[in-house]
Amino acid sequence: MTAPSDLLDAARKLQPRLVDLRRRIHAEPELGLELPETRRKVLAALEGLPLEIRLHEGTSGVVARLRGGRPGPAVLLRGDMDALPMPEDTELPFRSKRPGAMHACGHDAHTAMLVGAAHLLAQCREELAGDVLFMFQPGEEGQAGALRMLEEGLLEEGEEAPAVAAAFALHVAPQLPCGAIATRPGALMASADVFEIELRGRGGHASMPHDCLDPLPAACEIVQALQTFVTRRIPATDPVVLTVTRLQAGTTSNVIPESAQLTGTLRALSERSRQQAQQGLAQVAEGVARAHGVEAKFQLLPGYPVTVNHEPMAALLLEVGRQLLGEPSAIQLPSPVMGAEDFSYLLQKVPGAMAFLGVRPPGASDPAPCHSNRMQLNEDALPWGVAFHAAVALHALGQLAAGSRAAR
Ligand SMILES: [Zn+2]
Ligand SMILES: [Zn+2]
């Protein structure tokens, strides 16, 4: 059963159910931390399996434990379940029935694949040298659902259950060939913080700027100065991306406004450059404003930390990928991605790694990316993802058991 080809065959048998579940979740997307309908669908799809299910109370999170046939530690597999607040513009027969909500990040597929992995691993339960925890998570798209579940005791299982020794997650990637696995050791995805700058001057008549304190030139200079700050003060080898996405001021052509607001995003690949950029950003904004006699109020809204794959765990993902999919389909990414993930909070607590799963639609040379209103995925990738999840859990538990034997 644990031979890669057996796992794939078994996963392919689940395909019609996976597609059905994924499409039903896709048609009824839910947002944020409360996903009652999605949770109901997940629980119904897990029914009859030998799982110990724990429902989180503060959110719609679900944790299902599969006890292995042999004693050992626990391995956690994560699937996120939430959609995005945006309209869907595909012609799919199962497109979103809810205006303003769309599964454009593939979390519908993540949920279906994790359900599939639970079915597959339940079939080879006796071979598991430990437990597998299936973590169904809400609120990945900005609400830090993973952090909420950690705060609600995700990793605190008490005396009678083994501790989580490793955690893994998969994320679909429409750009990658169907069924390919891609990851890298170290930083895989960036941190993502939001900043807001409020500039306050003195408003007045546009013909008499000398009687006013115009916040607009200061705002423009801050945008430029921030880019210079990034290139001059942050090492090119540990890059950050800083983008001002909103600049708002004024109401008409003959009035100098009293205030201006800037908003933007700050992304980094290490805590070091993240902190350096956070501090410098405030300093530059306040310094430029002061030079113009304008008052600046700076606010940083910290977001997800950097997603850092633990090296041996990333190596394990690539090794399992090679065994399951063949050498060319296990891709070591040359560089990280500047998007962010709240799986990063889990990787701060336990060793683990995340990988991308290729879901490029057939015939698509320039597929719409995640978060596009036209994003689509190839459902033929679902069994690959299911078999990969299962193989990773089996492999990780085997490796952890071998490690503890060697330590004895
Ligand atoms: Zn997303
Ligand atoms: Zn996502």
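Everything below is about the structure shown above.
Residues numbered from 1 in each chain as written. Chains lettered and ligands numbered in written order. Predicted model: local features only at pLDDT ≥ 70, side-chain atom pairs only at ≥ 80, totals over all residues. Heavy atoms only, no water.

Q: Could you clarify how one ought to interpret the overall build of the protein chain in this entry?
A: Helix and strand counts for the protein chain come out as 10 helices and 16 strands. Computed over the C-alpha atoms, the radius of gyration of the protein chain is 24 Å, within 12% of the 22 Å expected from 2.2 N^0.38 for a compact globule of 408 residues. Across its three principal axes, the protein chain shows a C-alpha extent of roughly 80 × 55 × 40 Å. With 408 residues in all, the protein chain has 54% of them scored as buried. Contacts in the protein chain between residues at least 24 apart in sequence constitute 81% of all its contacts with a sequence separation of at least 6. Carbon together with sulfur atoms contributes 52% to the accessible area of the protein chain, which is approximately 17,400 Å² in total. With 36 positive and 46 negative side-chain charges, the protein chain shows a spacing of 2 Å between the two charge centroids. (Helix = DSSP H or I, 4+ residues; strand = E, 2+ residues; numbered from the N terminus. Rg over C-alpha atoms; globule rule 2.2 N^0.38 Å. Buried < 20%, exposed > 50% of the residue type's maximum accessible area, 1.4 Å probe, protein only. Contact = heavy atoms within 4.5 Å. Areas by Shrake-Rupley, 256 points an atom, 1.4 Å probe, with all protein chains shown as cover. Lys, Arg positive; Asp, Glu negative; His and termini not counted. Charge placed at Lys NZ, Arg CZ, Asp CG, Glu CD.)

Q: What should I look at first to understand the coordination of the zinc ion (ligand 2) in this one?
A: Tetrahedral coordination by four donors places them ideally at 109.5 degrees to one another around the metal; octahedral coordination by six donors ideally gives 90 or 180 degrees. Within the first shell, the zinc ion (ligand 2) binds the protein through Cys105 (SG), His107 (NE2) and His171 (NE2), at distances of 2.1 to 2.4 Å. The distance between the zinc ion (ligand 2) and the zinc ion (ligand 1) comes to 3.2 Å, with Cys105 serving as a donor to both metals. Take Cys105 and His107: they sit in the same class, and that class is buried. (Donors = N, O, S within 2.8 Å, 3.2 Å for Na, K, Ca; no water.)

Q: Looking at this model, I keep getting lost on the layout of surface pockets. Mind explaining?
A: Empty pockets left among the atoms are what a rolling probe the size of a water molecule brings to light. Of the voids in this model, the largest pocket is the one considered here, and its volume is about 780 Å³. Taken together, 33 residues line the largest pocket, and the ones lying closest to its centre are Cys105, Met189, Gly339, Ala340 and His371. Secondary-structure elements contributing two or more residues to the lining of the largest pocket are strand 5 (164-173), strand 8 (191-200), strand 12 (259-268) and strand 16 (352-358). For the lining of the largest pocket, a count of residues per class yields 20 nonpolar, eight polar and five charged. (1 Å grid on protein atoms, 1.4 Å probe; cavity = no way out; pocket = protein on both sides within 12 Å on 5 of 7 lines; lining within 4 Å. Points joined across faces, edges and corners; volume = space filled by probe spheres on them. Nonpolar A, V, L, I, M, F, W, Y, C, P; charged D, E, K, R; others polar.)

Q: Would you mind going over the coordination of the zinc ion (ligand 1) with me for this structure?
A: Bound to the zinc ion (ligand 1) are the protein donor atoms Cys105 (SG), Glu141 (OE), Glu141 (OE) and His371 (NE2), situated 2.0 to 2.8 Å from the metal. Every donor residue of the zinc ion (ligand 1) comes from the same chain, spaced as C-x35-E-x229-H. Take Cys105: its relative accessible area is 7%, and that puts it in the buried class.

Q: Sorry if this is basic, but what is going on with empty space enclosed by the protein here?
A: Following the criterion strictly, the structure yields one cavity of 30 Å³ or more and no others. Computed from the structure, the largest cavity encloses a volume of approximately 40 Å³. Lining the largest cavity, in full, are Leu77, Phe168, Ala169, Leu170, Leu317, Phe388, His389 and Val392.

Q: Sorry, what's going on with the sheet that holds strand 13 (residues 295-301) here?
A: Sheet strands associate in pairs through backbone hydrogen bonding, adopting either a parallel or an antiparallel arrangement. The antiparallel open sheet is built from four strands, whose spatial order is 10-12-8-13. Of all strands in the sheet, those bounded by a partner on one side alone are strand 10 (240-249) and strand 13. Taking the axes of each pair of neighbouring strands and ignoring which way they run, one obtains an average angle of 20° across the sheet. Here 10 bridges tie strand 8 to strand 12, and the two strands are oriented antiparallel to one another. The partner of Val194 across the bridge, within strand 12, is Thr265. Lying on the sheet, helix 7 (residues 271-291) is in contact with strand 8, strand 10, strand 12 and strand 13; it crosses strand 13 at an angle near 160°. (Pairing = 2+ DSSP bridges. Axes fitted to C-alpha atoms, helices over the stretch in contact; angles between N-to-C directions.)

Q: It is not clear to me how the packing of aromatic side chains should be interpreted in this structure. Could you clarify?
A: By convention here, two paired aromatic rings are described through the distance between centres and the angle between planes. Within this structure, the stated rule accounts for one aromatic pair. With a centroid separation of 5.9 Å and an interplanar angle of 80°, the aromatic rings of Tyr304 and Tyr345 are classed as edge-to-face. Highlighted residues: Tyr304 in the loop between strand 13 and strand 14 (307-309) and Tyr345 in helix 9 (residues 343-347), separated in sequence by 41 residues. Take Tyr304 and Tyr345: they sit in the same class, and that class is buried. Directly above the ring of Trp384 sits Arg12, whose terminal nitrogen or CZ lies 5.3 Å from the centroid. (Phe/Tyr/Trp six-rings, centres within 6.5 Å; stacked < 30°, edge-to-face > 60°. Lys NZ or Arg CZ within 6 Å of the ring centre and 35° of its normal.)

Q: Looking at this model, I keep getting lost on the nonpolar core. Mind explaining?
A: Nonpolar side chains in soluble globular proteins tend to end up buried together. Core analysis: the biggest nonpolar cluster contains 70 residues, and Leu46, Leu77, Leu121, Phe134, Phe136 and Phe168 have the highest contact counts within it. Among the elements that line this core, the one with the most residues is helix 10 (residues 381-407), at 12 residues. Setting aside chain neighbours within four positions, we find Phe134 in contact with Leu51, Val62, Val63, Ala64, Leu66, Leu77, Leu114, Ala117, Ala118 and Leu121. With 27 residues, the next largest nonpolar core counts Leu133, Ala144, Leu154 and Tyr304 among its residues. (Core = buried A, V, L, I, M, F, W, Y, C linked by side-chain atoms within 4.5 Å.)

Q: How do you make sense of helix 7 when you look at a structure like this?
A: Three- or four-residue spacings in an α-helix give side chains the same orientation, since the helix completes a turn every 3.6 residues. Compared with the 30 Å implied by 1.5 Å per residue over 21 residues, the 30 Å span of helix 7 between its first and last C-alpha is a close match. Taken as a whole, helix 7 has its buried residues at Ser273, Arg274, Ala277, Gln278, Gly280, Leu281, Ala282, Val284, Ala285, Val288 and Ala289. Residues of helix 7 that are buried sit in contact with strand 8, helix 6 (215-233), strand 10, strand 12 and strand 13. Within two residues after helix 7, Gly293 carries a phi angle of roughly 75°, on the positive side. (Expected span 1.5 Å × (residues − 1).)

Q: Is there a simple way to explain the sheet that holds strand 6 (residues 181-183) in this structure?
A: If you trace the eight strands from one edge of the open sheet to the other, you get 1-2-4-3-5-16-6-15, paired in mixed fashion. A single partner strand is all that each edge strand has here, and the edge strands are strand 1 (51-55) and strand 15 (330-332). Going across the sheet, the axis of each strand differs from the next one's by a mean of 25°, ignoring polarity. Summarising the sheet, strand 3 (residues 70-80) and strand 4 (residues 129-137) pair through eight bridges and their orientation is parallel. Along strand 4, the bridge assignment pairs Gly79 with Phe136.

Q: Would you mind going over the side chain of Asn378 with me for this structure?
A: With respect to the element layout, Asn378 can be found in the loop between strand 16 and helix 10. A residue is classified by how much of its surface remains accessible, and Asn378, at 10% relative accessible area, is buried. Setting aside chain neighbours within four positions, we find Asn378 in contact with Cys178, Val359, Arg360, Pro361 and Pro362.

Q: Quick question: what am I supposed to make of the packing of helix 6 against helix 7 here?
A: Two numbers describe how helix 6 lies on helix 7: the axes approach to 9 Å, and their chain directions differ by 145°. You can see that helix 6 and helix 7 cross each other, and the crossing is right-handed. Mapping the contact onto sequence places Ala218, Glu221, Ile222, Ala225, Leu226, Phe229 and Arg233 in helix 6 and Gln276, Ala277, Gly280, Leu281, Val284, Ala285 and Val288 in helix 7. Counted by class, the contact of helix 6 with helix 7 contains 10 nonpolar, two polar and two charged residues. (Left-handed = near helix turned anticlockwise from the far one by under 90°.)

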